Amino acid sequence: MAFRKAFQVACGIAGTAAVVVAAAATTQRCGEGRVEAAAVSWSPSSPLEQRTAAVWDSNWDKREPISLMKPNKKNKDDTEDFTAQLENYKVKATRHIFLIRHSQYNLSASTDKERSLTSLGLEMMSCDLLREGAPIEPVPPVSHWKPEAMQYHEDGARIEAAFRRYIHRADLKQENDSYEIIVCHANVIRYFVCRALQFPPEGWLRMCLNNGSITWLTIRPNGRVALRTLGDTGFMPPDKLSR
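Residues numbered from 1 in each chain as written. Predicted model: local features only at pLDDT ≥ 70, side-chain atom pairs only at ≥ 80, totals over all residues. Heavy atoms only, no water.

Overview of the environment of Gln198
With respect to the helices and strands, the residue Gln198 is situated in the loop between helix 6 (186-196) and strand 3 (214-219). Under the relative-accessibility criterion, Gln198 is labelled partly exposed at 27%. Here the alpha-carbon distance between Gln198 and Trp60, two residues 138 residues apart in the chain, equals 8.7 Å. With residues up to four places along the chain from it excluded, the contact list for Gln198 reads Val55, Trp56, Asp57 and Trp60. (Helix = DSSP H or I, 4+ residues; strand = E, 2+ residues; numbered from the N terminus. Buried < 20%, exposed > 50% of the residue type's maximum accessible area, 1.4 Å probe, protein only. Contact = heavy atoms within 4.5 Å.)

Laid out in structure tokens, this is it:
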């Protein structure tokens with residue numbers, strides 16, 4: 001029932017004129033403060049040959065029980081007590097995250113200020129949760145879009161910081177499954193999908209998303225991630241579809 005309600009809300013946001021950023025459950029994930037890019041162990045500039053393929057990192061969000069335990073409680077000598085302590089740090093709930101791409105905007109504009117929503121875009125939805133950007137240089141490269149190296153450097157750190165802020169398993173205090181809605185931009189969504197599934201992030205530009213489309217990620221208590229829907233626009237009339 002909770003999912004049905006959340007999906008109806010998601011379709012409503014993507015299919016009508018609205019300015020909404022919502023968490024359709026227990027928490028609101030917008031306006032929690034400024035997203036800052038910090039030094040990270042993984043960075044978009046890491047050479048491809050240095051990454052291990054086809055190995056799932058179960059502690060990708062640093063929320064495995066052993067990572068959540070305070071250092072003074074990690075007494076592995078007392079096996080029974082240590083196992084009991086780990087139980088207290090196990091996540092209980094599943095997060096369902098709906099990433100909705102913003103609506104159609106003025107593509108001929110030369111500045112962000114001029115890139116306002118078109119009449120069709122206003123008819124669909126409107127929100128600016130996370131700024132668009134160039135997350136990482138795509139592989140293979142494309143000829144029609146070539147940001148400067150500095151833009152990749154700056155945008156990549158910001159979008160990676162946003163991923164770490166919003167895409168992770170539930171908090172320990174969360175008892176029930178949640179259905180959360182985040183309205184953002186195509187490049188951000190595609191990068192989030194690659195990172196969440198632990199696919200090479202350089203492949204983000206191989207995916208296409210229509211305006212107003214819904215992408216659904218599920219993050220289980222054990223850290224496993226499933227992509228339930230990518231860029232779904234089946235709820236829209238054909239004459240309203242746009243890229």
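Here's the deal with the nonpolar core
If you look at soluble globular proteins, the nonpolar side chains tend to sit buried side by side. Core analysis: the largest hydrophobic core is formed by 27 residues, its most contacted members being Leu99, Leu130, Ile167, Cys184, Phe192 and Val225. Sorting the residues of this core by element identifies strand 1 (95-101), helix 5 (149-166), strand 2 (178-184), helix 6 and strand 3 as the ones contributing at least two each. Of all the elements, helix 6 adds the most residues to this core, at eight residues. Membership of the second largest hydrophobic core comes to seven residues, among which are Phe98, Tyr179, Ile181 and Trp216. (Core = buried A, V, L, I, M, F, W, Y, C linked by side-chain atoms within 4.5 Å.)

Notes on the pairing of strand 3
Counted residue by residue, strand 3 has six buried out of six residues, so it is predominantly covered. Here strand 3 shows a buried face lined by Ile214, Trp216 and Thr218 and a second buried face lined by Thr215, Leu217 and Ile219. Bridging between strand 3 and strand 4 (residues 225-232) involves five bridges; their strand directions are antiparallel. Pairing of Trp216 across the sheet is with Thr229, part of strand 4. What sits between strand 3 and strand 4 in their antiparallel hairpin is a turn of five residues, with Gly223 showing a positive phi close to 90 degrees. (Pairing = 2+ DSSP bridges.)

What about unusual backbone geometry?
The omega angle of the peptide bond from Val139 to Pro140 is 0 degrees, so this bond is cis rather than trans. With respect to the element layout, Pro140 can be found in the loop between helix 4 (119-124) and helix 5. In this structure, Lys62 takes a positive phi of about 55 degrees despite not being glycine. Tracing the backbone shows Lys62 in the loop between helix 1 (2-15) and helix 2 (65-68). Backbone geometry at Gln198 places phi at a positive 60 degrees, although glycine is not the residue there.

Comments concerning the confidence of the model for the protein chain
Averaged over the protein chain, the pLDDT score is 76; the fraction of residues at 70 or greater is 63%. Taken element by element, the protein chain is modelled with least confidence in helix 4, mean pLDDT 45, and with most confidence in strand 3, mean pLDDT 97. Note on residues 15-42: pLDDT under 50 across the span, and 64 contacts to partners over four residues away in sequence or across chains. Here residues 120-129 scores under 50 on pLDDT; set against residues more than four positions off or in separate chains, the count is 48 contacts. (pLDDT = per-residue confidence, 0-100.)

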